[in-house]
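Residues per chain, in single letters:
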Amino acid sequence: MKSWRLLPLRVDEPFYSMAIDEAILRLKAGGKSPNTLRFWRWQPSTVSLGYFQSVDREVDLEVAKKRGVAVVRRITGGGAVFHDQDGELTYSVVCGQNDVPRDIEKSFEAICEGLIRGFKRLGLDACFSPLNDISVGGKKISGSAQTRKWRCVLQHGTILIDPDIRLMFELLRVSPEKITDKFISSAYERVTSIKRELGEKPSFEEVKKAMRLGFEESFGVSFEEGELSSEEISLAKELIEKYASYEWLMKR
């Protein structure tokens, strides 16, 4: 059975979190890092932008500043995502390109299968919703984004435990007249969470454990608990400067 590395649950500021993902990806490509699964949280709450998105079109920066929410650009595609520091667990998978299907949708489905099995361990009947979401009862409970570089794949995404939906729509570019109780209720019908489905909020460690077992089943691998290498930490610290820069944020 193949062995992958599992990193401890981390709570980091957003620029360092993005830098860690890229550092593992780069060093995996260089044969210096193993296939890796990690789970992490955001401190503070953050809006992450897809690589190709415009900040001005996607995020209300004044509201973000007022509410103490950070904004960062990812190297993965996809849309703007609100990451609630107390209501979401984020996962990252870095692996070789040959460890997942070459077809983009099928690769999303293959990686998301680990999450689906994890949700089922928590008692939720989850299913894949192409291109990159997971749903429970027709409502989104997880979304993912991916990039492929240097013959490797990075996929990361959300696991919604108990996010603040109203704050999400204050931050993302939705016209003020739309942010009404009716609009929030409509959004609430399209998005769900583990707490909403189960009636109680599990701990982050409980969710991590379920997802880890789900990935072990779906990929047919065993996980060895490990730490970031000194080289990964060093490269991540170099990359923080990029992710924290105004130029990177305003790239598009």
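See the structure above.
Residues numbered from 1 in each chain as written. Predicted model: local features only at pLDDT ≥ 70, side-chain atom pairs only at ≥ 80, totals over all residues. Heavy atoms only, no water.

## Quick notes on the packing of aromatic side chains
As a reminder, the rule being used: The pairing test for Phe, Tyr and Trp rings, Trp by its six-membered ring, is centres within 6.5 Å, and the orientation test on the planes gives stacked under 30 degrees, edge-to-face over 60, and tilted for anything in between. A run of DSSP states H or I qualifies as a helix once it reaches four residues; a run of E qualifies as a strand once it reaches two. Both are numbered from the N-terminal end. Note on exposure labels: buried denotes an accessible area under 20% of the residue type's maximum, exposed denotes more than 50%, and partly exposed covers the range between, all computed with a 1.4 Å probe on protein chains only. The rule for a charge over a ring is simple: NZ of Lys or CZ of Arg within 6 Å of the ring centre, and within 35 degrees of the ring normal.
This structure, assessed with the given rule, holds 8 aromatic pairs. Between the aromatic rings of Trp 4 and Phe 223, the centroid separation amounts to 6.3 Å while the plane-to-plane angle is 90°, which identifies the pairing as edge-to-face. Taken together, the positions of Trp 4 in strand E1 (residues 2–6) and Phe 223 in strand E12 (residues 221–225) put the pair 219 residues apart, joining distant regions of the chain. Their ring planes at 80° and their centres at 5.5 Å tell us that Tyr 243 and Trp 248 sit as a pair that is edge-to-face. Each member of the pair Tyr 243 and Trp 248 is classed as buried. An aromatic cluster is present here, built from Trp 4, Tyr 91, Phe 215, Phe 219 and Phe 223 joined pairwise through their rings. Taking NZ or CZ as reference, Lys 149 lies 5.9 Å from the ring centre of Trp 150, over its face. Lys 242 extends its terminal NZ or CZ atom over the ring of Trp 248, reaching a point 4.5 Å from the ring centre.

## Details of the pattern of salt bridges
As a reminder of what qualifies: When a carboxyl oxygen of Asp or Glu lies within 4 Å of a side-chain nitrogen of Lys or Arg, that pair is called a salt bridge.
Under the criterion given, the structure shown has 16 salt bridges. Among the ionic pairs, Glu 231 bridges to Lys 32, the shortest N-O distance being 3.2 Å. Of this pair, Glu 231 sits in helix H9 (residues 230–243) while Lys 32 sits in the loop between helix H1 (14–29) and strand E3 (36–42), and the two are 199 residues apart along the sequence. Using a relative accessible area of 54% as the deciding quantity, one classes Lys 32 as exposed. Bridged by salt links that share partners, the residues Glu 113, Arg 117, Arg 121 and Glu 217 form one connected network.

## Points about the pairing of strand E7 (residues 88–96)
As a reminder of what qualifies: When DSSP finds two or more bridges between a pair of strands, those strands are recorded as paired.
Of all 9 residues that make up E7, 9 are buried, and the element is covered over most of its length. Bridge analysis of E3 against E7 gives 5 bridges, and the strand direction is antiparallel. Its bridge partner being in E7, Thr 36 is matched across the sheet by Val 94. As judged from the 9 bridges shared by E7 and strand E11 (residues 152–160), these two strands associate in the antiparallel manner. From the neighbouring strand, Ser 92 faces E11, where its bridge partner is His 156.

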